Structures are given as structure tokens and as C-alpha cells.
Amino acid sequence: MMSTSTRDRINAFRAQGLFIARAFLDIAERAELRRACDAALLRTRALSRETGHSTPRISLLTDGTTCFQDDPCALELISTFVGSRRVCELLAGLSRPGEEDTPRLKDAHYYHEQTRRDWDGDWHRDSQFGQSDPEIERAIVATTTSVHFRVALEDDDRLEIVPGSHARWDTPDELRIRRGADRTALDMPNAARVALRAGDACIFHAWSIHRATYRRAPPRRTIDALYTFARPRVRQWTPPAT
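Residues numbered from 1 in each chain as written. Predicted model: local features only at pLDDT ≥ 70, side-chain atom pairs only at ≥ 80, totals over all residues. Heavy atoms only, no water.

(A) Up close: the nonpolar core. Ranked by size, the top nonpolar core spans 36 residues in total, and within it Phe24, Leu60, Phe81, Leu94, Tyr110, Phe149 and Ile203 carry the most contacts. Considering every element that reaches this core, the biggest residue donor is helix α2 (residues 27-51), with six residues. Excluding anything up to four places from it in sequence, phenylalanine 81 contacts Phe24, Leu25, Leu33, Val87, Phe149 and Val151. With eight residues, the next largest nonpolar core counts Ala152, Val194, Cys202 and Phe204 among its residues. (Core = buried A, V, L, I, M, F, W, Y, C linked by side-chain atoms within 4.5 Å. Buried < 20%, exposed > 50% of the residue type's maximum accessible area, 1.4 Å probe, protein only. Helix = DSSP H or I, 4+ residues; strand = E, 2+ residues; numbered from the N terminus. Contact = heavy atoms within 4.5 Å.)

(B) Examining the pattern of salt bridges more closely. This structure, assessed with the given rule, holds 25 salt bridges. Across the pair aspartate 38 and arginine 221 runs a salt bridge whose closest N-O atoms are separated by 3.0 Å. Taken as a pair, aspartate 38 in helix α2 and arginine 221 in strand β10 (residues 221-228) lie far apart in primary sequence, 183 residues in all. Both residues of the pair, aspartate 38 and arginine 221, belong to the buried class. Of the charged contacts in the structure, one is a salt bridge between aspartate 224 and arginine 150, with a shortest N-O distance of 2.8 Å. With aspartate 224 in strand β10 and arginine 150 in strand β5 (residues 146-152), this pair connects stretches of sequence that are 74 residues apart. Residue aspartate 224 is classed as buried on the basis of its relative accessible area of 0%. Judged by relative accessible area, arginine 150 falls into the buried class, the value being 5%. Several salt bridges share partner residues, and in doing so they unite Arg34, Asp38, Arg45, Glu113, Glu154 and Arg221 into one network. (Salt bridge = Lys/Arg side-chain N within 4 Å of Asp/Glu carboxyl O.)

(C) Here's a closer look at the layout of surface pockets. Here the largest pocket defines a volume of roughly 680 Å³. Together, 32 residues line the largest pocket, and Arg57, His124, Asp126, Phe129 and His148 are the ones closest to its centre. Here the residues of the lining of the largest pocket are counted per class, giving eleven nonpolar, twelve polar and nine charged. (1 Å grid on protein atoms, 1.4 Å probe; cavity = no way out; pocket = protein on both sides within 12 Å on 5 of 7 lines; lining within 4 Å. Points joined across faces, edges and corners; volume = space filled by probe spheres on them. Nonpolar A, V, L, I, M, F, W, Y, C, P; charged D, E, K, R; others polar.)

(D) Structural view of the sheet that holds strand β8 (residues 201-205). Taken in spatial order, the six strands line up as β1-β8-β5-β10-β3-β2 in an open sheet, and their pairing is antiparallel. Both edges of this open sheet fall to β1 (18-21) and β2 (57-59), since each of them pairs with a single strand only. Strand-to-strand twist in this sheet, taken as the mean axis angle between neighbours without regard to direction, amounts to 20 degrees. Of the pairings in the sheet, the one linking strand β3 (residues 104-112) to β10 comprises eight bridges and is antiparallel in character. Across the sheet, residue histidine 109 finds its bridge partner in β10, namely aspartate 224. (Pairing = 2+ DSSP bridges. Axes fitted to C-alpha atoms, helices over the stretch in contact; angles between N-to-C directions.)

(E) Focus on the environment of arginine 22. Position of arginine 22 relative to the elements: it lies in the loop between β1 and α2. Along the sequence, arginine 22 and threonine 115 sit 93 residues apart, while their C-alpha atoms lie 29 Å from each other.

(F) Broad picture of the pairing of β3. Bridge count for β2 against β3 is three bridges, and the pairing is antiparallel. Pairing of isoleucine 58 across the sheet is with tyrosine 110, part of β3.

(G) Geometry of the sheet that holds strand β4 (residues 119-120). An order of β4-β9-β6-β7 is seen for the four strands of this open sheet, with the pairing classed as antiparallel. Among the strands making up the open sheet, the edge pair consists of β4 and β7 (192-196). The pairing of β4 with strand β9 (residues 210-214) spans two bridges and is classified as antiparallel. Of the residues in β9, the one forming a bridge with aspartate 120 is threonine 213.

(H) Structural detail: empty space enclosed by the protein. The tally for this structure, following the rule as stated, stands at one cavity of 30 Å³ or more. Taken as a whole, the largest cavity holds about 30 Å³ of empty space. Forming the walls of the largest cavity are Arg150, Asp156, Leu159, Val194, Leu196 and Arg220. Elements supplying a minimum of two residues to the lining of the largest cavity: β6 (156-161) and β7.

See the structure below:
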């Protein structure tokens, strides 16, 4: 039998596409993770000064051999955390009928404050990346699940999201903004800002309409891990040889 808190978590995700687990990490846990992630940040910023290229996030796992060249133990700590039973338990029950309930980790990112300028991100669904055909994207939104697990190591209110948009297709106004010429528009209908205190975790559907704003201050230190839920493979029947 599901506990009340588990039922509430799943119901909130089904209805709104997100929920928040307050005080998911304590002070010591946050400090340990921040030390590990900052090892990647220091190296990335050093490379940025050499190349002139900056980014609002660091790919902790896919770029791990580069980011953690000087501190491989930091990469191991982060990998253990995002794959931990404690994190995966928050994702249990979020898959669609017909999908496996075991989340599959795709990557983890570290969001940090900008060093050069302030800017607003584009409104998007993660489902649109690599999909130029809206109808194909629409089918992806209707049939699959992808989830962000985000935990703030410092207070973070940079995420904006349209609650409930994960469970439906865009309205004309949403589509005009998300796939139009002004993807940073301020008039996205029904958008809400998600404010996390240090230690809070936010779980939200990657197909939700959302964006981030990027600022030089205050400091931002947020881990974001992306998970998908696979559909079981269908075993094909092979007739016996005769």
C-alpha cells in the first residue's frame, strides 16, 4: 500500500508535472556534493578563460573525463548520488502504463551563475530537441516519460514552468512562443516560477513547457539529473524449424 506522502507525490506529478521534496539534503550533504561539483566548475571555467567559450551548465557525466581529470573521486561521488536508491525512490511510480518503473539515467548537469552577462533561456519542452516535426514531437509527449531530478545546493529560483503542460499539447499561444521567433517571450500563459531553498529537490516532467533564466548573481549551484523510463522489449515469436 502506498503511503500518503507517496500518493500525494505521484498525484502532484500526474496533475502538475512536478513536485518538491523540501530539505532533501542536509547541510553536510550539500557541502559534500558542492565540493565535488565545484571541482568540475573550476576546471571548466579555467578552460573557458582559455577558449573564450562559456556555458550555463556542465555535463557532469558525459564530460566527466575532462571535468574531473584532477579529481576522479568527485565524479564517483556524484555518480553514486544520482544513481542512489534514495533518489530513485522519489521517481518510483512516475512512469506511464506500459513503461518500466525503473528510471534510466541519461546524464547529470551542474547549473551555475553566469560570469559574463544575464540572459533568459528559450521556452521549450525537452521533447522538441532533434524533432523538427511537431506531430512526431506530439506523439512523444503523449506516449513517453522523461523526468528531471533537480536539487539546489544554494537557493535557486531560476526555473519557470507551465504546470500541467506535460499532460497535453500546446495551446496556440504556447506553440507560437515555444516554436516561434520570440522564444524568450515574457508572456508565456500560466507560467510559474519554482523557488527552491538550499537542500530542496524538484522533480519535474521533461516534456513540460519550461525554461531557465541565467544571471550573474546570486550564486547558483544546482545539480540536475535526467532520467527516462523505457518500454519493455517485446519478444518476437520465431516459428520452430520444420
